[in-house]
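The residues making up each chain are set out below.
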Amino acid sequence: MGERELVGLAGLFFLFILIGFRIPVALSMLVAGILGSFALSIVAPFLKFGPYILQFKSSLWNNIANYDLSVVPLFILMGFLAAEAGLSRDLFAGFSALFGRIRGGVAMAAIGACAGFGAVSGSSIATASTMSRVSLPELSKLKYDDGLATGTLAAGGTLGILIPPSVALVIYAIVVEASIVEMFQAAILPGLLAVICFITVIWLRVRLNPELAPEPKVLSHVEVKQALWRLVPVLVIFGTIIAGLGMGLFTPTPAAAMGVLVILIFGFLSRFFSRTYLTIHKLKNSILSTAKTAGMIYFILFAADVLKGFFSRSGLPVALTDLVANSGFEPYLVLALMLLLLIILGCFMESLSMILVVIPFFWPTLIELNGGDYITAADAAFGMTADQLKIWFGVLALVVVELGLITPPVGLNVFVIKSFVPDTPITKIFKGVMPFFAVEIFRVGLLLLFPALCLLLPMYLSG
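Residues numbered from 1 in each chain as written. Predicted model: local features only at pLDDT ≥ 70, side-chain atom pairs only at ≥ 80, totals over all residues. Heavy atoms only, no water.

Concerning the overall build of the protein chain
- Per the secondary structure count, the protein chain includes 22 helices and zero strands.
- What you see for the protein chain is a C-alpha radius of gyration of 23 Å, in line with the 23 Å of a compact globule of 463 residues.
- For the protein chain, the spread of C-alpha atoms along the three principal axes comes to 75 × 50 × 50 Å.
- Within the protein chain, buried positions represent 54% of all 463 residues. (Helix = DSSP H or I, 4+ residues; strand = E, 2+ residues; numbered from the N terminus. Rg over C-alpha atoms; globule rule 2.2 N^0.38 Å. Buried < 20%, exposed > 50% of the residue type's maximum accessible area, 1.4 Å probe, protein only.)

See below:
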(Lines give C-alpha, C1' and ligand atoms only; values in the text may rest on other atoms or scores of the structure.)
Protein backbone atom coordinates (compact mmCIF):
# COMPACT_ATOMS: atom_id res chain seq x y z
CA MET A 1 0.00 0.00 0.00
CA GLY A 2 1.11 3.56 -0.74
CA GLU A 3 0.96 6.58 1.54
CA ARG A 4 -2.56 7.52 0.44
CA GLU A 5 -3.93 4.05 1.16
CA LEU A 6 -2.23 4.03 4.58
CA VAL A 7 -3.89 7.35 5.42
CA GLY A 8 -7.20 5.80 4.39
CA LEU A 9 -6.57 2.77 6.60
CA ALA A 10 -5.61 5.02 9.53
CA GLY A 11 -8.84 6.98 8.96
CA LEU A 12 -10.85 3.74 9.08
CA PHE A 13 -9.26 2.72 12.39
CA PHE A 14 -9.78 6.24 13.74
CA LEU A 15 -13.47 5.98 12.81
CA PHE A 16 -13.93 2.77 14.81
CA ILE A 17 -12.03 4.24 17.76
CA LEU A 18 -14.43 7.20 17.84
CA ILE A 19 -17.40 4.83 17.64
CA GLY A 20 -15.84 2.71 20.43
CA PHE A 21 -15.82 5.81 22.63
CA ARG A 22 -19.59 6.12 22.05
CA ILE A 23 -19.33 9.26 19.94
CA PRO A 24 -22.44 9.40 17.70
CA VAL A 25 -21.80 7.53 14.47
CA ALA A 26 -22.72 10.46 12.21
CA LEU A 27 -20.32 12.77 14.04
CA SER A 28 -17.62 10.06 14.00
CA MET A 29 -17.95 9.69 10.22
CA LEU A 30 -17.88 13.46 9.72
CA VAL A 31 -14.77 13.96 11.86
CA ALA A 32 -12.93 10.98 10.35
CA GLY A 33 -13.76 12.14 6.80
CA ILE A 34 -12.69 15.75 7.31
CA LEU A 35 -9.51 15.05 9.32
CA GLY A 36 -8.58 12.18 7.00
CA SER A 37 -8.93 14.40 3.92
CA PHE A 38 -6.85 17.10 5.58
CA ALA A 39 -4.13 14.50 6.24
CA LEU A 40 -4.37 13.37 2.59
CA SER A 41 -3.81 16.94 1.39
CA ILE A 42 -0.52 16.94 3.33
CA VAL A 43 0.64 13.51 2.10
CA ALA A 44 -0.53 14.16 -1.47
CA PRO A 45 -0.60 17.96 -2.06
CA PHE A 46 -2.39 17.55 -5.39
CA LEU A 47 -5.47 16.39 -3.42
CA LYS A 48 -6.53 19.89 -2.39
CA PHE A 49 -8.47 20.11 0.87
CA GLY A 50 -10.49 23.23 -0.04
CA PRO A 51 -12.27 21.85 -3.13
CA TYR A 52 -13.02 18.62 -1.22
CA ILE A 53 -14.86 20.55 1.49
CA LEU A 54 -16.65 22.88 -0.94
CA GLN A 55 -18.22 19.98 -2.84
CA PHE A 56 -20.28 19.08 0.23
CA LYS A 57 -21.99 22.46 0.58
CA SER A 58 -24.95 21.11 -1.38
CA SER A 59 -24.65 17.44 -0.33
CA LEU A 60 -27.15 17.61 2.53
CA TRP A 61 -29.73 19.26 0.28
CA ASN A 62 -29.10 16.71 -2.47
CA ASN A 63 -29.84 13.87 -0.03
CA ILE A 64 -33.05 15.48 1.17
CA ALA A 65 -34.15 16.26 -2.39
CA ASN A 66 -33.38 12.71 -3.57
CA TYR A 67 -36.69 11.19 -4.68
CA ASP A 68 -35.58 7.64 -3.87
CA LEU A 69 -34.84 8.68 -0.27
CA SER A 70 -38.23 10.37 0.15
CA VAL A 71 -39.57 6.91 0.98
CA VAL A 72 -37.57 6.92 4.25
CA PRO A 73 -39.58 9.54 6.24
CA LEU A 74 -42.82 8.01 4.96
CA PHE A 75 -41.94 4.55 6.28
CA ILE A 76 -40.83 6.12 9.58
CA LEU A 77 -44.13 8.01 9.80
CA MET A 78 -45.99 4.75 9.19
CA GLY A 79 -44.30 3.22 12.23
CA PHE A 80 -45.08 6.12 14.56
CA LEU A 81 -48.69 6.37 13.35
CA ALA A 82 -49.14 2.61 13.78
CA ALA A 83 -47.96 2.82 17.40
CA GLU A 84 -50.17 5.83 18.19
CA ALA A 85 -53.21 4.24 16.51
CA GLY A 86 -52.93 1.16 18.73
CA LEU A 87 -51.99 -1.28 15.97
CA SER A 88 -49.33 -2.84 18.20
CA ARG A 89 -51.95 -3.77 20.82
CA ASP A 90 -54.31 -5.05 18.14
CA LEU A 91 -51.56 -7.24 16.71
CA PHE A 92 -50.70 -8.71 20.08
CA ALA A 93 -54.36 -9.37 20.92
CA GLY A 94 -55.02 -10.95 17.51
CA PHE A 95 -52.03 -13.27 17.60
CA SER A 96 -52.73 -14.15 21.25
CA ALA A 97 -56.11 -15.45 20.13
CA LEU A 98 -54.53 -17.29 17.22
CA PHE A 99 -51.98 -19.11 19.40
CA GLY A 100 -54.07 -19.11 22.56
CA ARG A 101 -54.67 -22.88 22.70
CA ILE A 102 -50.93 -23.69 22.71
CA ARG A 103 -48.74 -23.64 25.80
CA GLY A 104 -46.39 -20.70 25.28
CA GLY A 105 -48.87 -19.25 22.81
CA VAL A 106 -48.68 -15.69 24.20
CA ALA A 107 -44.90 -15.65 23.65
CA MET A 108 -45.51 -16.94 20.10
CA ALA A 109 -48.07 -14.17 19.70
CA ALA A 110 -45.39 -11.64 20.66
CA ILE A 111 -43.24 -12.93 17.78
CA GLY A 112 -46.16 -12.64 15.36
CA ALA A 113 -46.94 -9.15 16.62
CA CYS A 114 -43.27 -8.13 16.23
CA ALA A 115 -43.35 -9.36 12.64
CA GLY A 116 -46.57 -7.48 11.96
CA PHE A 117 -45.35 -4.27 13.55
CA GLY A 118 -42.01 -4.62 11.76
CA ALA A 119 -43.97 -4.70 8.50
CA VAL A 120 -45.31 -1.19 9.18
CA SER A 121 -42.36 0.35 11.05
CA GLY A 122 -39.21 -1.00 9.38
CA SER A 123 -37.06 -0.49 12.48
CA SER A 124 -35.75 -3.18 14.83
CA ILE A 125 -35.24 -0.90 17.83
CA ALA A 126 -38.68 0.70 17.37
CA THR A 127 -40.24 -2.78 17.07
CA ALA A 128 -38.48 -4.07 20.20
CA SER A 129 -39.41 -0.95 22.18
CA THR A 130 -43.06 -0.76 21.10
CA MET A 131 -43.81 -4.45 21.45
CA SER A 132 -42.05 -4.64 24.85
CA ARG A 133 -44.31 -1.88 26.10
CA VAL A 134 -47.34 -3.84 24.93
CA SER A 135 -46.32 -7.46 25.56
CA LEU A 136 -44.10 -7.56 28.65
CA PRO A 137 -46.84 -6.56 31.14
CA GLU A 138 -49.11 -9.31 29.79
CA LEU A 139 -46.33 -11.94 29.79
CA SER A 140 -45.40 -10.96 33.34
CA LYS A 141 -49.03 -11.10 34.50
CA LEU A 142 -49.38 -14.62 33.07
CA LYS A 143 -46.21 -15.72 34.97
CA TYR A 144 -44.05 -16.43 31.94
CA ASP A 145 -40.40 -17.07 32.75
CA ASP A 146 -38.50 -13.75 32.64
CA GLY A 147 -35.75 -15.18 30.43
CA LEU A 148 -38.21 -16.59 27.91
CA ALA A 149 -40.30 -13.39 27.83
CA THR A 150 -37.41 -10.96 27.43
CA GLY A 151 -35.46 -13.22 25.06
CA THR A 152 -38.54 -13.59 22.86
CA LEU A 153 -39.02 -9.84 22.55
CA ALA A 154 -35.32 -9.12 21.99
CA ALA A 155 -35.28 -11.66 19.15
CA GLY A 156 -38.69 -10.62 17.81
CA GLY A 157 -37.56 -7.01 17.64
CA THR A 158 -34.89 -7.94 15.10
CA LEU A 159 -37.64 -8.75 12.58
CA GLY A 160 -38.21 -5.03 12.03
CA ILE A 161 -35.00 -4.65 10.05
CA LEU A 162 -35.76 -7.35 7.47
CA ILE A 163 -39.51 -7.69 6.97
CA PRO A 164 -40.46 -5.16 4.28
CA PRO A 165 -40.97 -2.32 4.12
CA SER A 166 -37.61 -1.69 5.81
CA VAL A 167 -35.60 1.53 5.90
CA ALA A 168 -32.38 -0.51 6.04
CA LEU A 169 -33.36 -2.36 2.85
CA VAL A 170 -34.02 0.97 1.11
CA ILE A 171 -30.62 2.39 2.10
CA TYR A 172 -28.81 -0.82 1.10
CA ALA A 173 -30.54 -0.80 -2.29
CA ILE A 174 -29.48 2.80 -2.90
CA VAL A 175 -25.87 2.13 -1.82
CA VAL A 176 -25.38 -0.83 -4.20
CA GLU A 177 -27.79 0.52 -6.87
CA ALA A 178 -30.22 -2.39 -6.54
CA SER A 179 -33.97 -2.35 -7.12
CA ILE A 180 -35.82 -1.40 -3.92
CA VAL A 181 -38.85 -3.39 -5.06
CA GLU A 182 -36.77 -6.52 -5.66
CA MET A 183 -35.07 -6.13 -2.28
CA PHE A 184 -38.50 -5.99 -0.60
CA GLN A 185 -39.62 -9.07 -2.51
CA ALA A 186 -36.42 -10.95 -1.66
CA ALA A 187 -36.81 -10.30 2.08
CA ILE A 188 -40.31 -11.78 2.38
CA LEU A 189 -39.42 -15.52 2.47
CA PRO A 190 -36.38 -15.09 4.79
CA GLY A 191 -38.55 -12.93 7.06
CA LEU A 192 -41.27 -15.58 7.22
CA LEU A 193 -38.59 -18.21 7.83
CA ALA A 194 -37.37 -16.19 10.82
CA VAL A 195 -40.89 -16.05 12.28
CA ILE A 196 -41.31 -19.82 11.87
CA CYS A 197 -37.90 -20.49 13.44
CA PHE A 198 -38.57 -18.23 16.43
CA ILE A 199 -41.98 -19.77 17.08
CA THR A 200 -40.42 -23.24 16.83
CA VAL A 201 -37.80 -22.27 19.43
CA ILE A 202 -40.52 -21.19 21.87
CA TRP A 203 -42.50 -24.40 21.24
CA LEU A 204 -39.46 -26.58 21.86
CA ARG A 205 -38.37 -24.71 24.98
CA VAL A 206 -41.83 -24.90 26.53
CA ARG A 207 -42.23 -28.54 25.55
CA LEU A 208 -38.89 -29.42 27.17
CA ASN A 209 -39.60 -27.30 30.25
CA PRO A 210 -43.34 -26.66 30.76
CA GLU A 211 -42.62 -24.45 33.79
CA LEU A 212 -41.43 -21.68 31.47
CA ALA A 213 -45.04 -20.91 30.47
CA PRO A 214 -48.47 -21.24 32.12
CA GLU A 215 -51.35 -23.41 31.00
CA PRO A 216 -53.01 -21.91 27.90
CA LYS A 217 -56.09 -19.79 28.42
CA VAL A 218 -59.00 -20.98 26.27
CA LEU A 219 -61.02 -18.17 24.70
CA SER A 220 -64.58 -18.39 23.49
CA HIS A 221 -65.30 -18.41 19.77
CA VAL A 222 -66.67 -14.87 20.01
CA GLU A 223 -63.48 -13.61 21.74
CA VAL A 224 -61.29 -15.32 19.14
CA LYS A 225 -63.30 -13.82 16.29
CA GLN A 226 -63.12 -10.33 17.78
CA ALA A 227 -59.37 -10.61 18.36
CA LEU A 228 -58.65 -11.93 14.88
CA TRP A 229 -60.51 -9.02 13.33
CA ARG A 230 -57.89 -6.79 14.94
CA LEU A 231 -55.29 -8.27 12.58
CA VAL A 232 -57.12 -7.04 9.50
CA PRO A 233 -55.75 -3.45 9.45
CA VAL A 234 -52.12 -4.61 9.39
CA LEU A 235 -52.89 -7.20 6.70
CA VAL A 236 -54.53 -4.46 4.62
CA ILE A 237 -51.58 -2.07 5.08
CA PHE A 238 -48.94 -4.72 4.39
CA GLY A 239 -50.96 -6.15 1.51
CA THR A 240 -51.47 -2.70 -0.03
CA ILE A 241 -47.75 -2.03 -0.08
CA ILE A 242 -46.39 -5.44 -1.11
CA ALA A 243 -49.16 -6.31 -3.58
CA GLY A 244 -49.00 -2.85 -5.13
CA LEU A 245 -45.23 -3.10 -5.55
CA GLY A 246 -45.33 -6.67 -6.82
CA MET A 247 -48.05 -5.93 -9.37
CA GLY A 248 -46.30 -2.77 -10.54
CA LEU A 249 -49.17 -0.51 -9.47
CA PHE A 250 -46.79 1.95 -7.87
CA THR A 251 -43.17 2.50 -6.89
CA PRO A 252 -41.88 2.47 -3.25
CA THR A 253 -42.59 6.16 -2.46
CA PRO A 254 -46.27 6.10 -3.55
CA ALA A 255 -46.56 2.71 -1.78
CA ALA A 256 -45.33 4.26 1.47
CA ALA A 257 -47.72 7.18 0.98
CA MET A 258 -50.58 4.71 0.54
CA GLY A 259 -49.52 2.96 3.75
CA VAL A 260 -49.57 6.26 5.65
CA LEU A 261 -53.01 7.08 4.21
CA VAL A 262 -54.47 3.69 5.20
CA ILE A 263 -53.13 4.02 8.77
CA LEU A 264 -54.49 7.58 9.04
CA ILE A 265 -57.94 6.47 7.92
CA PHE A 266 -57.91 3.47 10.25
CA GLY A 267 -56.55 5.52 13.17
CA PHE A 268 -59.21 8.22 12.98
CA LEU A 269 -62.07 5.75 12.34
CA SER A 270 -60.97 3.65 15.35
CA ARG A 271 -62.66 6.14 17.68
CA PHE A 272 -65.98 4.50 16.72
CA PHE A 273 -65.01 0.94 17.72
CA SER A 274 -61.87 1.05 19.88
CA ARG A 275 -60.55 2.72 23.01
CA THR A 276 -57.25 3.46 21.25
CA TYR A 277 -57.47 5.77 18.26
CA LEU A 278 -55.59 8.54 16.49
CA THR A 279 -56.12 12.13 17.61
CA ILE A 280 -54.78 15.42 16.29
CA HIS A 281 -52.39 15.54 19.26
CA LYS A 282 -51.09 12.02 18.52
CA LEU A 283 -50.75 12.92 14.82
CA LYS A 284 -48.69 15.97 15.76
CA ASN A 285 -46.45 13.84 18.00
CA SER A 286 -45.97 11.31 15.20
CA ILE A 287 -44.98 14.00 12.70
CA LEU A 288 -42.53 15.60 15.16
CA SER A 289 -41.00 12.20 16.00
CA THR A 290 -40.71 11.42 12.29
CA ALA A 291 -38.97 14.75 11.65
CA LYS A 292 -36.42 14.06 14.42
CA THR A 293 -35.72 10.50 13.25
CA ALA A 294 -35.59 11.41 9.55
CA GLY A 295 -33.31 14.36 10.36
CA MET A 296 -30.92 11.99 12.14
CA ILE A 297 -30.94 9.60 9.17
CA TYR A 298 -30.30 12.39 6.65
CA PHE A 299 -27.42 13.66 8.78
CA ILE A 300 -25.95 10.14 8.82
CA LEU A 301 -26.29 10.03 5.02
CA PHE A 302 -24.54 13.40 4.71
CA ALA A 303 -21.71 12.27 7.01
CA ALA A 304 -21.43 9.07 4.97
CA ASP A 305 -20.98 11.18 1.81
CA VAL A 306 -18.12 13.06 3.49
CA LEU A 307 -16.51 9.82 4.62
CA LYS A 308 -17.02 8.16 1.23
CA GLY A 309 -15.30 11.12 -0.44
CA PHE A 310 -12.27 10.68 1.84
CA PHE A 311 -12.01 6.94 1.22
CA SER A 312 -12.42 7.41 -2.54
CA ARG A 313 -9.57 9.97 -2.63
CA SER A 314 -7.39 7.68 -0.52
CA GLY A 315 -7.84 4.77 -2.91
CA LEU A 316 -8.37 2.39 0.04
CA PRO A 317 -11.49 0.57 -1.29
CA VAL A 318 -9.75 -0.25 -4.60
CA ALA A 319 -6.58 -1.36 -2.79
CA LEU A 320 -8.50 -3.65 -0.43
CA THR A 321 -10.53 -5.09 -3.29
CA ASP A 322 -7.37 -5.89 -5.24
CA LEU A 323 -5.71 -7.33 -2.13
CA VAL A 324 -8.59 -9.72 -1.39
CA ALA A 325 -9.19 -10.61 -5.05
CA ASN A 326 -5.54 -11.57 -5.50
CA SER A 327 -5.20 -13.33 -2.14
CA GLY A 328 -6.28 -16.70 -3.47
CA PHE A 329 -8.96 -17.08 -0.77
CA GLU A 330 -12.10 -18.99 -1.70
CA PRO A 331 -14.99 -16.55 -2.43
CA TYR A 332 -17.25 -18.26 0.12
CA LEU A 333 -14.55 -17.93 2.81
CA VAL A 334 -14.29 -14.20 2.12
CA LEU A 335 -18.09 -13.92 2.27
CA ALA A 336 -18.16 -15.79 5.59
CA LEU A 337 -15.51 -13.46 7.04
CA MET A 338 -17.54 -10.44 5.89
CA LEU A 339 -20.66 -11.78 7.57
CA LEU A 340 -18.72 -12.50 10.77
CA LEU A 341 -17.42 -8.93 10.81
CA LEU A 342 -20.98 -7.62 10.35
CA ILE A 343 -22.13 -9.67 13.37
CA ILE A 344 -19.33 -8.19 15.49
CA LEU A 345 -20.02 -4.63 14.32
CA GLY A 346 -23.74 -5.16 14.92
CA CYS A 347 -22.98 -5.36 18.65
CA PHE A 348 -21.81 -1.75 18.64
CA MET A 349 -23.30 0.00 15.63
CA GLU A 350 -26.80 0.73 14.45
CA SER A 351 -27.78 -1.07 11.22
CA LEU A 352 -28.06 2.00 8.98
CA SER A 353 -24.59 3.25 9.94
CA MET A 354 -23.12 -0.19 9.30
CA ILE A 355 -24.59 -0.33 5.81
CA LEU A 356 -23.18 3.09 4.95
CA VAL A 357 -19.72 2.47 6.43
CA VAL A 358 -19.02 -1.19 5.61
CA ILE A 359 -21.00 -2.12 2.48
CA PRO A 360 -19.04 0.29 0.17
CA PHE A 361 -15.93 -1.76 1.06
CA PHE A 362 -17.56 -5.19 0.86
CA TRP A 363 -19.60 -4.81 -2.31
CA PRO A 364 -16.79 -4.06 -4.83
CA THR A 365 -14.79 -6.96 -3.36
CA LEU A 366 -17.67 -9.39 -3.81
CA ILE A 367 -18.26 -8.25 -7.38
CA GLU A 368 -14.56 -8.76 -8.16
CA LEU A 369 -14.57 -12.21 -6.57
CA ASN A 370 -17.71 -13.14 -8.47
CA GLY A 371 -16.05 -12.30 -11.80
CA GLY A 372 -17.24 -8.77 -12.51
CA ASP A 373 -20.44 -6.86 -13.30
CA TYR A 374 -21.31 -8.48 -16.62
CA ILE A 375 -20.37 -12.11 -16.13
CA THR A 376 -23.04 -14.80 -16.64
CA ALA A 377 -24.29 -16.90 -13.74
CA ALA A 378 -22.68 -20.04 -15.21
CA ASP A 379 -19.21 -18.47 -15.10
CA ALA A 380 -19.58 -16.58 -11.78
CA ALA A 381 -17.85 -17.72 -8.58
CA PHE A 382 -21.12 -17.58 -6.62
CA GLY A 383 -23.16 -19.03 -9.47
CA MET A 384 -25.24 -15.90 -9.97
CA THR A 385 -25.18 -12.62 -11.87
CA ALA A 386 -24.15 -9.32 -10.27
CA ASP A 387 -27.80 -8.26 -9.88
CA GLN A 388 -28.69 -11.53 -8.15
CA LEU A 389 -25.62 -11.22 -5.93
CA LYS A 390 -26.78 -7.75 -4.83
CA ILE A 391 -30.09 -9.19 -3.65
CA TRP A 392 -28.68 -12.30 -2.00
CA PHE A 393 -25.88 -10.48 -0.18
CA GLY A 394 -28.27 -7.72 0.91
CA VAL A 395 -30.59 -10.16 2.64
CA LEU A 396 -27.65 -12.06 4.16
CA ALA A 397 -26.11 -8.80 5.43
CA LEU A 398 -29.34 -7.68 7.11
CA VAL A 399 -29.86 -11.10 8.71
CA VAL A 400 -26.41 -11.03 10.30
CA VAL A 401 -26.96 -7.42 11.35
CA GLU A 402 -30.03 -8.79 13.17
CA LEU A 403 -27.70 -11.26 14.88
CA GLY A 404 -25.52 -8.41 16.09
CA LEU A 405 -28.54 -6.82 17.76
CA ILE A 406 -28.82 -9.80 20.15
CA THR A 407 -25.13 -10.78 20.41
CA PRO A 408 -23.39 -10.50 23.82
CA PRO A 409 -22.00 -8.41 25.33
CA VAL A 410 -23.50 -5.33 23.64
CA GLY A 411 -26.61 -6.44 21.72
CA LEU A 412 -28.60 -3.21 21.31
CA ASN A 413 -32.01 -4.91 21.36
CA VAL A 414 -31.16 -6.62 24.66
CA PHE A 415 -30.50 -3.26 26.29
CA VAL A 416 -33.74 -1.86 24.86
CA ILE A 417 -35.62 -4.73 26.56
CA LYS A 418 -33.58 -4.23 29.76
CA SER A 419 -34.88 -0.65 30.02
CA PHE A 420 -38.43 -2.03 30.42
CA VAL A 421 -37.48 -4.63 33.05
CA PRO A 422 -34.80 -2.99 35.25
CA ASP A 423 -35.14 -5.72 37.90
CA THR A 424 -34.26 -8.53 35.46
CA PRO A 425 -30.49 -9.21 35.30
CA ILE A 426 -28.96 -8.56 31.88
CA THR A 427 -27.36 -12.01 32.03
CA LYS A 428 -30.81 -13.60 32.24
CA ILE A 429 -31.97 -11.72 29.15
CA PHE A 430 -28.88 -12.83 27.21
CA LYS A 431 -29.44 -16.39 28.41
CA GLY A 432 -33.04 -16.21 27.22
CA VAL A 433 -32.01 -14.91 23.80
CA MET A 434 -29.31 -17.55 23.14
CA PRO A 435 -31.68 -20.21 21.69
CA PHE A 436 -32.90 -17.58 19.21
CA PHE A 437 -29.29 -16.69 18.41
CA ALA A 438 -28.58 -20.35 17.65
CA VAL A 439 -31.55 -20.66 15.30
CA GLU A 440 -30.48 -17.44 13.55
CA ILE A 441 -27.10 -19.04 12.82
CA PHE A 442 -29.05 -21.97 11.35
CA ARG A 443 -31.07 -19.55 9.20
CA VAL A 444 -27.91 -17.88 7.89
CA GLY A 445 -26.65 -21.35 6.95
CA LEU A 446 -29.86 -22.08 5.04
CA LEU A 447 -29.65 -18.79 3.13
CA LEU A 448 -26.02 -19.51 2.25
CA LEU A 449 -26.81 -23.03 1.05
CA PHE A 450 -30.07 -22.13 -0.72
CA PRO A 451 -29.85 -18.65 -2.33
CA ALA A 452 -33.21 -19.42 -3.98
CA LEU A 453 -34.86 -18.51 -0.66
CA CYS A 454 -33.89 -14.92 -1.47
CA LEU A 455 -33.99 -15.00 -5.28
CA LEU A 456 -37.08 -17.06 -6.05
CA LEU A 457 -39.75 -14.44 -5.34
CA PRO A 458 -38.09 -11.56 -7.25
CA MET A 459 -37.48 -13.87 -10.24
CA TYR A 460 -41.09 -15.13 -10.18
CA LEU A 461 -42.67 -11.66 -9.77
CA SER A 462 -40.46 -10.10 -12.44
CA GLY A 463 -41.85 -12.64 -14.88
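Looking at the nonpolar core
- Membership of the largest hydrophobic core comes to 156 residues, with the highest contact counts inside it found for Met29, Val72, Leu159, Ile171, Trp392 and Phe393.
- The element contributing the most residues to this core is helix 11 (residues 180-208), with 14 residues.
- If near-sequence neighbours (up to four positions away) are discounted, Leu159 is found in contact with Ile111, Cys114, Ala115, Gly191, Ala194, Val195 and Phe198. (Core = buried A, V, L, I, M, F, W, Y, C linked by side-chain atoms within 4.5 Å. Contact = heavy atoms within 4.5 Å.)

What about the confidence of the model for the protein chain?
- Summarising the model, the protein chain shows a mean pLDDT of 83, and 96% of its residues fall at 70 or more.
- Across the protein chain, the element-wise mean pLDDT spans from 73 in helix 13 (residues 232-246) up to 91 in helix 11. (pLDDT = per-residue confidence, 0-100.)

Details of the packing of helix 11 against helix 19 (residues 386-405)
- Orientation of helix 11 relative to helix 19, taken along the N-to-C sense of each, is 50°, at an axis distance of 10 Å. By the angle between their axes, helix 11 is oblique relative to helix 19. In the crossing of helix 11 with helix 19, the sense of the turn from one axis to the other is right-handed. Contacts between helix 11 and helix 19 involve Glu182, Met183, Ala186, Ala187 and Pro190 from the former and Lys390, Ile391, Gly394 and Val395 from the latter.
- For the contact of helix 11 with helix 19, a count of residues per class yields six nonpolar, one polar and two charged. (Axes fitted to C-alpha atoms, helices over the stretch in contact; angles between N-to-C directions. Parallel < 35°, antiparallel > 145°, perpendicular 65-115°, else oblique. Left-handed = near helix turned anticlockwise from the far one by under 90°. Nonpolar A, V, L, I, M, F, W, Y, C, P; charged D, E, K, R; others polar.)

Side note on the packing of aromatic side chains
- Taken as a whole and judged by the stated rule, the model has eleven aromatic pairs.
- Between Phe310 and Phe311 the ring centres are 5.1 Å apart and the planes differ by 35°, which places this aromatic pair in the tilted class.
- Chaining the aromatic ring pairs together yields one cluster made of Phe310, Phe311 and Phe361. (Phe/Tyr/Trp six-rings, centres within 6.5 Å; stacked < 30°, edge-to-face > 60°.)

Here's the deal with the environment of Ala155
- You can see Ala155 is positioned in helix 9 (residues 146-157).
- Relative accessible area serves as the criterion here: at 0%, Ala155 is assigned to the buried category.
- Excluding residues that lie within four positions of it along the chain, Ala155 makes contacts with Phe198, Ile406, Val433 and Phe436.

Quick look at the packing of helix 16 (residues 316-325) against helix 18 (residues 351-370)
- Taken N-terminus to C-terminus, the directions of helix 16 and helix 18 make an angle of 40°; their axes are 9 Å apart at the nearest point. For the element pair helix 16 / helix 18, the angle class is oblique. Every pair of crossing elements has a handedness; the one defined by helix 16 and helix 18 is right-handed. Where helix 16 approaches helix 18, its residues Leu316, Pro317, Leu320, Thr321, Val324 and Ala325 are matched on the opposing element by Phe361, Pro364, Thr365, Glu368 and Leu369.

Examining the pattern of salt bridges
- A full pass over the atoms with the stated rule returns six salt bridges.
- Salt-bridge contacts for Glu215 lead to Arg103; the nearest nitrogen and oxygen are separated by 2.9 Å. Residue Glu215 is located in the loop between helix 11 and helix 12 (221-229), and its partner Arg103 is located in the loop between helix 6 (87-98) and helix 7 (105-121); the two are separated by 112 residues in the primary sequence.
- Note on Glu215: relative accessible area 60%, which makes it exposed.
- If you follow the salt bridges from partner to partner, you end up with Glu402, Glu440 and Arg443 in one network. (Salt bridge = Lys/Arg side-chain N within 4 Å of Asp/Glu carboxyl O.)

What to know about the side chain of Ser28
- Examined against the element boundaries, Ser28 turns out to sit in helix 2 (residues 25-43).
- Ignoring anything within four residues of it in the chain, the contact list for Ser28 reads Leu15, Leu18, Ile19 and Ile23.

Focus: helix 2
- Here helix 2 spans 26 Å end to end across 19 residues, near enough to the 27 Å set by a 1.5 Å rise per residue.
- Listing the buried residues of helix 2 in full gives Val25, Ala26, Ser28, Met29, Leu30, Ala32, Gly33, Gly36, Ser37, Leu40 and Ser41.
- Looking at the buried residues of helix 2, the elements they touch are helix 1 (3-20), helix 3 (49-54), helix 15 (280-314) and helix 18. (Expected span 1.5 Å × (residues − 1).)

Brief notes about helix 11
- For helix 11, which comprises 29 residues, the first-to-last C-alpha distance of 42 Å matches the rise-based estimate of 42 Å (1.5 Å per residue) to within 8%.
- The sharpest bend along helix 11 reaches about 30° and sits at Ile188, with the proline Pro190 one to four residues further on. (Bend = angle between axes of the 7 residues up to and from the residue.)

Observations concerning unusual backbone geometry
- One non-glycine residue, Lys143, adopts positive backbone phi at about 70°.
- Tracing the sequence through the fold places Lys143 in the loop between helix 8 (124-141) and helix 9.
- Of the residues examined, Lys143 reaches a relative accessible area of 66% and is grouped as exposed.
- Here the phi dihedral of Glu177 falls at roughly 60°; this positive angle occurs in a residue that is not glycine.
- Considering the arrangement of structural elements, one finds Glu177 in the loop between helix 10 (167-176) and helix 11.

Some thoughts on the state of the cysteines
- Applying the stated criterion to the full structure yields zero disulfides.
- Cys114 takes part in no disulfide bond, and the closest cysteine sulfur, belonging to Cys197, lies 16 Å away.
- Considering cysteine sulfurs only, Cys454 is the nearest to Cys197, which forms no disulfide, with 13 Å between them. (Disulfide = S-S within 2.5 Å.)

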